[in-house]
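One letter stands for each residue in the lines below.
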Amino acid sequence: MNTPNIPVFDDVIAAAARIKGHAHRTPVMSSRTINDALGAEVFFKCENLQRMGAFKFRGAFNALSKFDETQRRAGVVTFSSGNHAQAIALSARLLGIPATIVMPHDAPAAKVAATRGYGGNVVIYDRYKEDREQIGRDLAEKHGLTLIPPYDHADVIAGQGTAALELFEEVGRLDALFTPLGGGGLLSGTALSTRTLAPRCKLYGVEPEAGNDGQRSFRSGSIVHIDTPKTIADGAQTQHLGNITFPIIRRDVDDILTATDAQLVECMRFFAERMKLIVEPTGCLGFAAARDMKGELQGKRVGIVISGGNVDIARFCSLLST
Ligand SMILES: *Cc1c(COP(=O)(O)O)cnc(C)c1O
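Because the structure is predicted, anything quoted here is derived from the model rather than measured.

Draft legend 1. Representation of the overall build of the chain within the structure. Counting its secondary structure elements, the chain contains 14 helices and ten strands. In terms of overall dimensions, the chain is globule-like: its C-alpha atoms have a radius of gyration of 18 Å, near the 20 Å expected for 322 residues. On the principal axes, the C-alpha backbone points of the chain span a range of 55 × 45 × 40 Å. The proportion of buried residues among the 322 residues of the chain is 57%. Long-range contacts, defined as pairs at least 24 residues apart, comprise 73% of the intrachain contacts of the chain with a sequence gap of at least 6. Split by element, the accessible area of the chain, about 13,600 Å² in all, is 48% carbon and sulfur.

Okay, here's the thing in structure tokens:
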């Protein structure tokens, strides 16, 4: 394995050039209702409208674009059942690189189908008996594949940082910025952009209350590991921050906040009814925390990253009908 290199803002700039013309420059939306309710000016960066439905395309495409000829020919491997799998499969197809995706035997059929639909070669493992990271590493070694993990990788982090870069380019000064937090790829990339472009902007990561390992890690100063948390925010069911993401978060982020599943459902309803946006539960984390902070945001300019919109419509309806 390469020694982990720590990405810097220049890597975000380079990533922006690599993904240009491949990733969407997603819209920034606003809502009068929300501005009035918070007494603030709120800008939503809509990564639910990104290709394959989440910001993860940015990091995956950036990482694969950097492969050399040998790596391209051998292919990429990753372990994920969620948006990162689809992001790798789609990026690999666009770049003509073979992709192997290690997914649990009980992954939703729709996700397996979507990953296969993008041309990914899906390897199924038993999540109760086997270790996906080990399987990924074994495949990488045996077939000379390059492993691109979902968040703890410099090129992935730099790619994820391009969403905030675009947001600052578009709206200028912000007083506060909220992003969802799982393993910290999005938040650490956002931090690189924020600390250079808006050093005084408050930056918050938001994770599910049931899985507040990030908050505990941030406050205690060392990475806390937890069991897979029970939450509807499946994109943030990570068990720990990364060795690369954590130091950046600790250095550059102002605080880590949490949101409950009930709050996420309320936000999903709001986005659908008022803004005509389909947002997955994890994508609502930033907005849920900002709503909760109300008073503190009076008169401020506030950015919120909506991180993704991949939710099965039947599930979307059943969540909203509870
Ligand atoms: C992966 C993901 C997250 C969490 O991102 P990390 O980089 O792991 O912190 C948040 N929202 C969505 C929609 C995701 O797919």
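Draft legend 2. Quick peek at the packing of helix α1 (residues 9-19) against helix α3 (residues 56-65). For the pair α1 and α3, interaxial distance at closest approach is 9 Å and the crossing angle is 90°. Compared by their axis directions, α1 and α3 come out roughly perpendicular. On the side of α1, the interface is formed by A15, R18 and I19, while α3 contributes R58, F61, N62 and S65. Here the contact of α1 with α3 is composed, by residue class, of three nonpolar, two polar and two charged.

Draft legend 3. Geometry of the site of the ligand. Around the ligand sit 15 residues in total, of which K56, N83, G182, G184 and S307 are the nearest. G183 places a main-chain nitrogen or oxygen 2.8 Å from an oxygen atom of the ligand. With respect to the ligand, the side chain of S307 contributes an N or O atom lying 2.6 Å from a nitrogen atom. Burial of the ligand by the protein chains amounts to 97% of its free accessible area of 380 Å².

Draft legend 4. Spatial organisation of the nonpolar core. With 39 residues, the main nonpolar core has F44, F178, F271 and L297 as its most contacted residues. Top element by residues in this core is helix α12 (residues 261-275). It accounts for seven residues. The residues contacting F178, other than those within four sequence positions of it, are Y204, V206, L257, G286, A289, A290, M293, L297, V302, G303, I304 and V305.

Draft legend 5. Summary view of α12. Taking 1.5 Å per residue, 15 residues should reach 21 Å; α12 reaches 20 Å between its end C-alpha atoms and fits that length. Taken as a whole, α12 has its buried residues at L264, V265, C267, M268, F270, F271 and M275. Backbone geometry just downstream of α12 places K276 in the positive-phi region, at approximately 60°.

Draft legend 6. Representation of the pairing of strand β7 (residues 176-180) in the model. Counting buried positions along β7 yields five of five residues, so the element is predominantly enclosed. Here β7 shows no split at all, with A176, F178 and P180 on one side and L177 and T179 on the other all buried. Judged from the five bridges that link them, β7 and strand β8 (residues 202-208) form a sheet pairing that is parallel. Residue L177 lies in a different strand from β8, and its bridge partner there is L203. Once the chain exits β7 it traverses helix α9 (residues 185-197) before rejoining the sheet at β8, and the crossover so formed is right-handed.

Draft legend 7. Local environment of the sheet that holds strand β6 (residues 146-147). Within the open sheet, the four strands sit side by side as β5-β4-β3-β6. Their pairing is parallel. The open sheet has two free edges, formed respectively by β5 (121-125) and β6, since each of these has just one partner strand. With respect to the sheet, helix α6 (residues 109-117) is in contact with β4 (99-104) and β5, its orientation differing from that of β4 by roughly 175°.

Draft legend 8. Up close: the packing of aromatic side chains. Evaluation of the coordinates by the stated rule reveals seven aromatic pairs. With 5.3 Å between their ring centres and 80° between their planes, F44 and F287 make a pair best called edge-to-face. Of this pair, F44 sits in strand β2 (residues 41-46) while F287 sits in helix α13 (residues 285-293), and the two are 243 residues apart along the sequence. Here the two residues F44 and F287 agree in accessibility, since each one is buried. For the pair F270 and F271, a centre-to-centre distance of 6.3 Å together with 70° between the ring planes defines the contact as edge-to-face. For the pair F270 and F271, one class covers both residues: buried. A connected cluster of aromatic rings, assembled from ring pairs, spans F44, F270, F271 and F287.

Here is what the cut-offs are and how they apply
- Residues numbered from 1 in each chain as written.
- Predicted model: local features only at pLDDT ≥ 70, side-chain atom pairs only at ≥ 80, totals over all residues.
- Heavy atoms only, no water.
- Helix = DSSP H or I, 4+ residues; strand = E, 2+ residues; numbered from the N terminus.
- Rg over C-alpha atoms; globule rule 2.2 N^0.38 Å.
- Buried < 20%, exposed > 50% of the residue type's maximum accessible area, 1.4 Å probe, protein only.
- Contact = heavy atoms within 4.5 Å.
- Areas by Shrake-Rupley, 256 points an atom, 1.4 Å probe, with all protein chains shown as cover.
- Axes fitted to C-alpha atoms, helices over the stretch in contact; angles between N-to-C directions.
- Parallel < 35°, antiparallel > 145°, perpendicular 65-115°, else oblique.
- Nonpolar A, V, L, I, M, F, W, Y, C, P; charged D, E, K, R; others polar.
- Near = heavy atom within 4 Å.
- Polar contact = N/O pair within 3.5 Å; in protein donor to acceptor, adjacent residues only side chain to side chain.
- Core = buried A, V, L, I, M, F, W, Y, C linked by side-chain atoms within 4.5 Å.
- Expected span 1.5 Å × (residues − 1).
- Pairing = 2+ DSSP bridges.
- Right-handed = clockwise from strand over helix to strand, strands pointing away.
- Phe/Tyr/Trp six-rings, centres within 6.5 Å; stacked < 30°, edge-to-face > 60°.

Just geometry here; none of it tells us what the structure is for.
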